[in-house]
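Summary of structural features
Listed below, chain by chain, are the residues.
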Amino acid sequence: MTDTPAATGATTPPLNAQVTASAIPPEEMDRLTDGIVAALKSVYDPEIPADIYELGLIYRVDIADDRNVAIDMTLTAPGCPVAGEMPGWVENAVSAVPGIAGCSVTMVFDPPWDQSRMSDEARIALDMW
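Parameters and conventions
- Residues numbered from 1 in each chain as written.
- Predicted model: local features only at pLDDT ≥ 70, side-chain atom pairs only at ≥ 80, totals over all residues.
- Heavy atoms only, no water.
- Helix = DSSP H or I, 4+ residues; strand = E, 2+ residues; numbered from the N terminus.
- Buried < 20%, exposed > 50% of the residue type's maximum accessible area, 1.4 Å probe, protein only.
- Contact = heavy atoms within 4.5 Å.
- Salt bridge = Lys/Arg side-chain N within 4 Å of Asp/Glu carboxyl O.
- Arc of directions from axis to C-beta.
- Pairing = 2+ DSSP bridges.
- Right-handed = clockwise from strand over helix to strand, strands pointing away.
- Expected span 1.5 Å × (residues − 1).
- Core = buried A, V, L, I, M, F, W, Y, C linked by side-chain atoms within 4.5 Å.

Overview of the overall build of the protein chain
- A count of helices and strands for the protein chain gives 5 helices and 5 strands.
- Starting at the N terminus and ending at the C terminus, the protein chain contains elements arranged as β-α-β-α-α-β-β-α-β-α.
- In the protein chain, which comprises 129 residues, the proportion classed as buried is 42%.
- Taking as baseline every contact in the protein chain between residues at least 6 positions apart, the subset at least 24 positions apart corresponds to 62%.

Considerations on the pattern of salt bridges
- This structure, assessed with the given rule, holds 6 salt bridges.
- Residue Arg60 is joined to Asp72 by a salt bridge in which the shortest nitrogen-to-oxygen separation is 3.0 Å. Of the two residues, Arg60 sits in strand E3 (residues 58-63) while Asp72 sits in strand E4 (residues 68-73), which places them 12 residues apart along the sequence.

Some words on helix H4 (residues 86-95)
- Residues Met86, Pro87, Val90, Ala93 and Val94 constitute the buried set of H4. Viewed end-on, H4 has its buried residues packed into an arc of 130 degrees, placing them on one side of the element.

Some details on the pairing of strand E5 (residues 102-107)
- Direction of pairing for E4 relative to E5: parallel, over a ladder of 6 bridges. Looking across to E5, one finds that Met73 is bridged to Met107.
- In this fold, the crossover linking E4 to E5 by way of H4 has right-handed handedness.

Focus on helix H2 (residues 26-40)
- For H2, with 15 residues, the first-to-last C-alpha span of 21 Å sits near the 21 Å given by 1.5 Å per residue.
- Looking at the packing, one finds that the buried side of H2 touches helix H3 (52-55), E3, E4 and H4.

Focus on the nonpolar core
- Residues Leu40, Ile52, Val69, Ile71, Val90 and Val94 are the most contacted members of the largest nonpolar core, which totals 35 residues.
- Elements supplying a minimum of two residues to this core: H2, H3, E3, E4, H4 and E5.
- Here this core takes 6 residues from H2, the largest share from any one element.
- When neighbours within four sequence positions are excluded, Val69 is seen to be in contact with Ile36, Val61, Asp62, Ile63, Val94, Ile100, Gly102, Cys103 and Ser104.

Brief notes about unusual backbone geometry
- The residue after Asp110, namely Pro111, is reached through a cis peptide bond having omega 5 degrees.
- Relative to the helices and strands, Pro111 is located in the loop between E5 and helix H5 (120-125).
- Phi is positive for Arg67, which is not a glycine, with a value near 70 degrees.
- If you trace the backbone, Arg67 turns up in the loop between E3 and E4.
- The phi angle at Asp127 is positive, at roughly 50 degrees, despite the residue not being glycine.
- Taking relative accessible area as the criterion, Asp127 reaches 67% and is therefore assigned exposed.

The structure is reproduced here in structure tokens:
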């Protein structure tokens, strides 16, 4: 399992891979992780000029030995207008990473998102210092 900065309380990316007993070789896991992060950084909330990864909306990324990826994510607010669409955007982006068999996204709201989950990069983009 791999935890994102939002899940671990850290304030800056990258993902901290905490892989135990995976059948995927470490160098391949690193390549997949880098690809997943790049894919997540390509998804934006249309109302906010920062990607979902830097915003801290990704709570958990799990790469299974069969190369299926499970992601827990949240929204900046439960009533977000793209709440129904964003999980599909994330699934499509991550599924396109070479070597990934598929992706499923679960929307979670506990713990609730707050601005402390944003990276410095997102804070700069949103001028929130």
